[in-house]
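Structural features, examined
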Amino acid sequence: MRGTMMDYPLTLTTILERAGKFFPDVEIVSRAPDGSISRSNYGAFYRRARNLAAGLQRLGMKPGDRVASMMWNHAAHLETFFAVPCAGGILHTLNIRLQPQEIAAVVNHARDRFLIIDDVLLPLLAQFRDKVDFERVIVVRHTPAPLAPGDLDYEEFARGGGEDFRYPKIDENDGAAMSFTSGTTGAPKGVVYSHRALVLHSFVCALKEICNIGYDDTVLVIVPMFHVNAWGLPFTAAMLGARQVLPGPRYDAVSLLELMTREGVTLAGGVPTIWLAIADELEKNPGKWQFTKPVRAGVGGSAPPMELFRRLDRHGIEVKHLWGMTESSPLGIAGGLKPQIRAWDGQRQLEMRAKQGMPAPFVELRLMRPDGEAPWDGETSGEIEMRGPWVAASYYDDPSQKDRWSPDGWFRTGDVATMDADGYVKIVDRVKDLVKSGGEWISSVELENTLMGHPAVKEACVVGIPHPKWSERPLAAIVLRDGATATGDELRGYLATYFGKWQLPDAFVFLDTIPRTSVGKFKKSALRERYAGWDWTKSARS
């Protein structure tokens, strides 16, 4: 017998209507590229999003058409997040940190018809505009600079029409948004998120043990809105009427702390690099930054070092550890603690907090042996494969990547992890970043996180480089804290407290900066290429 429930579609139109109807006076704080602050609310956001949706339909946008955005985190981008999918289109947020030719490639791959762009990013567009074919460009103007012939002014374009706007018929499985991977493991690959996936993802993000978002929260969306839909935070916050603070392009620690303290932020989401910089600023200026409410730090994008937990704890900032991928919308795992674990002593509990956590509800994980070989830590270790209602089933128009899914439909993440008896997952490394030395696996991530616990080390990145005897050996690239000193021998001795001798890096290099990808992760491929010809006849511990 079938159930007797209504067939009610899960679409973003319901979240937009809810925000406008129930939370019209809840504030949206937006910082423009020039640093100026504007204050609006969900009532105005609702009207403007509908106006923009109506304008796009007048422009000729059809269901399923792709509308690209090149914008920082501010109110107009939030309006675009809802206007495009609620008008039947698919919002394609372009990663403005990619190289111009890479942006052009993903625009052409996605077949984007229109572009909405900040005027401050027009010089970037100029570097590849002749390689793409946008039918119209809509410019969000933060300065009085003139428009190029044919381009449209955002404010004029979205000025009216929303009163008579009617939502098109949208199936919950229709595409709503689109992101491309950052290209860390090859050419960027496109993922199309359905309305259903984004709505279900929003529900789960709100849960207590995930982001714990409610009416009385103020959410600072630090993660760029072009990075996996800003981790879904704008959708969840709008659904629940949480106040939103959008920081524009300023991601330095001082600018972010000014917003956090002045606006009473309770939740902020960003990559470890951002939080390490915030911890540095708090420690340099004790007592300067006063939080009026408890703050939760959503940390994801790469594994944060355990020392970051300790440092933020001292300032009353609770780290909420999150793990996911472009292919999982992005939430896959979250680091809430079971009651019995909260009763553990400080160090033991900290070690659990530093794990990625348990799979989110409705996300299933299994650990498979990397490269078909036996794992190095028993049957509880292996490559993460996952499935769930917001996990991609394929890449957009790219059948060459079908081997990323197992024959029975699980997505192969490329991340190697362990899972303990309590169900807590710890990411050990990327499959491609494991160092295989003399037939044994060495985790670069665990070496990095331990090195960043040394008082002289600001950043550490470990890669495997060719070795004539052992196939590969680990090399550690180190960025020291300002004014600090350390040698390779000193750091190797520090690691020897935690690791076996065979796991220790044989080579250390000291750099001013470590190469990064467009989303702030260490670009290990650049280091592997730079040091591939390491001379092992000289001191291995230079």
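An account of the accompanying structure is given in this report. (Residues numbered from 1 in each chain as written. Predicted model: local features only at pLDDT ≥ 70, side-chain atom pairs only at ≥ 80, totals over all residues. Heavy atoms only, no water.)

**Brief notes about the packing of helix α1 (residues 12-22) against helix α2 (residues 42-58)**
Remark: α1 packs on α2, axes separated minimally by 7 Å, with the N-to-C direction vectors making an angle of 140°. On the basis of the axis angle, α1 is oblique to α2. Seen along the crossing, α1 lies across α2 with a hand that is left-handed. Note on element contacts: α2 touches α1 through Y42, F45, Y46, A49 and R50, opposite L16, E17, A19 and G20. Here the contact of α1 with α2 is built from residues that sort into 6 nonpolar, 1 polar and 2 charged. (Axes fitted to C-alpha atoms, helices over the stretch in contact; angles between N-to-C directions. Helix = DSSP H or I, 4+ residues; strand = E, 2+ residues; numbered from the N terminus. Parallel < 35°, antiparallel > 145°, perpendicular 65-115°, else oblique. Left-handed = near helix turned anticlockwise from the far one by under 90°. Contact = heavy atoms within 4.5 Å. Nonpolar A, V, L, I, M, F, W, Y, C, P; charged D, E, K, R; others polar.)

**Thoughts on the sheet that holds strand β4 (residues 90-93)**
Strand order in the open sheet made by the 7 strands is β7-β6-β5-β3-β4-β8-β9, with mixed pairing throughout. Either end of the sheet is taken by a strand with one partner, and the two such strands are β7 (152-153) and β9 (190-194). Alignment of strand β8 (residues 175-180) against β9, held across 5 bridges, turns out to be antiparallel. Residue pairing across strands places M178 opposite V192, the latter belonging to β9. With respect to the sheet, helix α3 (residues 75-86) is in contact with β3 (66-70), β4, β5 (112-118), β6 (136-140) and β8, its orientation differing from that of β4 by roughly 145°. (Pairing = 2+ DSSP bridges.)

**Let's talk about the packing of α1 against helix α8 (residues 233-240)**
With their axes 7 Å apart at the nearest point, α1 and α8 run at an angle of 50° to one another. Viewed along their axes, α1 and α8 adopt a mutual orientation that is oblique. With respect to the hand of their crossing, α1 and α8 are arranged in left-handed fashion. Contacts from L12, I15, R18 and A19 in α1 reach F235, A238 and M239 in α8. Class assignment of the residues belonging to the contact of α1 with α8 gives a composition of 6 nonpolar, no polar and 1 charged.

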